[in-house]
Amino acid sequence: MKITLLVVGKTEDKYLIEGIEKYLSRLKHYIGFNLLVIPDVKNTKNLTEAQQKSKEAELILKQLSNLDMVILMDEKGKKYTSVQFSDYLNKQMIGSVQQITFIIGGPYGFDESVYKRANGSISLSDMTFSHQMVRLFFVEQLYRAFSILKGEPYHHQ
Ligand SMILES: C[S@@+](CC[C@H](N)C(=O)[O-])C[C@H]1O[C@@H](n2cnc3c(N)ncnc32)[C@H](O)[C@@H]1O
């Protein structure tokens, strides 16, 4: 199984880039992982929130194939403990899923068309994080999940 994390817009802050790279370099020992960055929509000042989400959606949907199992990161999504998330990933690996694509939305979240394409959604918290920060939290949780599956001492219950 391969995992893709699709995000909207480059990560700008150095402290986030460093954190994300730290977990990505650890993750590569466990799973084929790809961070796919969709360029920011231009001239957003002239767009409504709905128009911006719709333009982002066009770019997001273009990246997806029929083989992708698409899971949105969404504060209103399903909640897992870290152990439950590791079980969830394990079930996908044992099953026939070849490619899971997790998607983090833009600053205003997802257009309806992206919700329609999704196979599920996951919440990291009831709180809302910035679309930039949630990338770091997600890759850390992914690393944590694989360390749990490998029985390594990173996670403490
Ligand atoms: C600033 S949030 C958008 C908030 C927007 N009100 C919404 O309804 O989605 C930007 C993106 O970060 C991600 N995100 C923020 N908080 C999250 C959370 N608690 N759990 C999962 N993803 C989250 C989502 O992908 C969201 O689309």
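Predicted model, so just to flag it, every value in this text is computed and none were measured.

1. Quick word on the UniProt feature "binding site: S-adenosyl-L-methionine" (unreviewed entry) in the chain
Thinking step 1. If you check UniProt for "binding site: S-adenosyl-L-methionine" (unreviewed entry), the listed places come out as Gly-105, Leu-124, Ser-125, Asp-126, Met-127, Thr-128 and Phe-129 in our numbering.
Thinking step 2. Along the polypeptide, Ser-125 turns up in the loop between β5 (120–123) and α5 (133–149).
Thinking step 3. Residue class for Ser-125 comes out exposed when judged on the 10 C-beta atoms lying within 10 Å of it.
Thinking step 4. Structurally, Phe-129 can be placed in the loop between β5 and α5.
Thinking step 5. Judged by the 16 C-beta atoms lying within 10 Å of it, Phe-129 is partly exposed.
Thinking step 6. Here Phe-129 is in contact with Val-134 and Phe-137, once residues within four sequence places are set aside.

2. What about unusual backbone geometry?
Thinking step 1. Despite not being glycine, Asn-43 has its phi angle at roughly 50°, a positive value.
Thinking step 2. Its location among the elements puts Asn-43 in the loop between β2 (32–38) and α2 (49–62).

3. Let's talk about the site of the ligand
Thinking step 1. Around the ligand, a shell composed of 18 residues is seen, among which Met-73, Gly-105, Gly-109, Leu-124 and His-131 lie nearest.
Thinking step 2. Per element, the largest residue contribution to the shell around the ligand is three residues, and it comes from strand β3 (residues 68–79).
Thinking step 3. Per-class residue counts for the shell around the ligand are nine nonpolar, seven polar and two charged.

4. Re α2
Thinking step 1. Taking 1.5 Å of rise per residue, 14 residues should cover 20 Å, and α2 covers 20 Å from first to last C-alpha, within 8% of that figure.
Thinking step 2. Taken residue by residue, α2 has Gln-52, Lys-53, Glu-56, Ala-57 and Ile-60 as its buried positions. All buried residues of α2 lie within an arc of 140° about the axis, which places them on one face of the element.

So, how was this worked out
Residues numbered from 1 in each chain as written. Predicted model: local features only at pLDDT ≥ 70, side-chain atom pairs only at ≥ 80, totals over all residues. UniProt positions renumbered as here; feature names shortened; annotations may be inferred. Helix = DSSP H or I, 4+ residues; strand = E, 2+ residues; numbered from the N terminus. Buried ≥ 20, exposed ≤ 12 C-beta atoms within 10 Å, placed from the backbone. Contact = placed C-beta atoms within 7 Å. Near = placed C-beta within 6 Å. Nonpolar A, V, L, I, M, F, W, Y, C, P; charged D, E, K, R; others polar. Expected span 1.5 Å × (residues − 1). Arc of directions from axis to C-beta.

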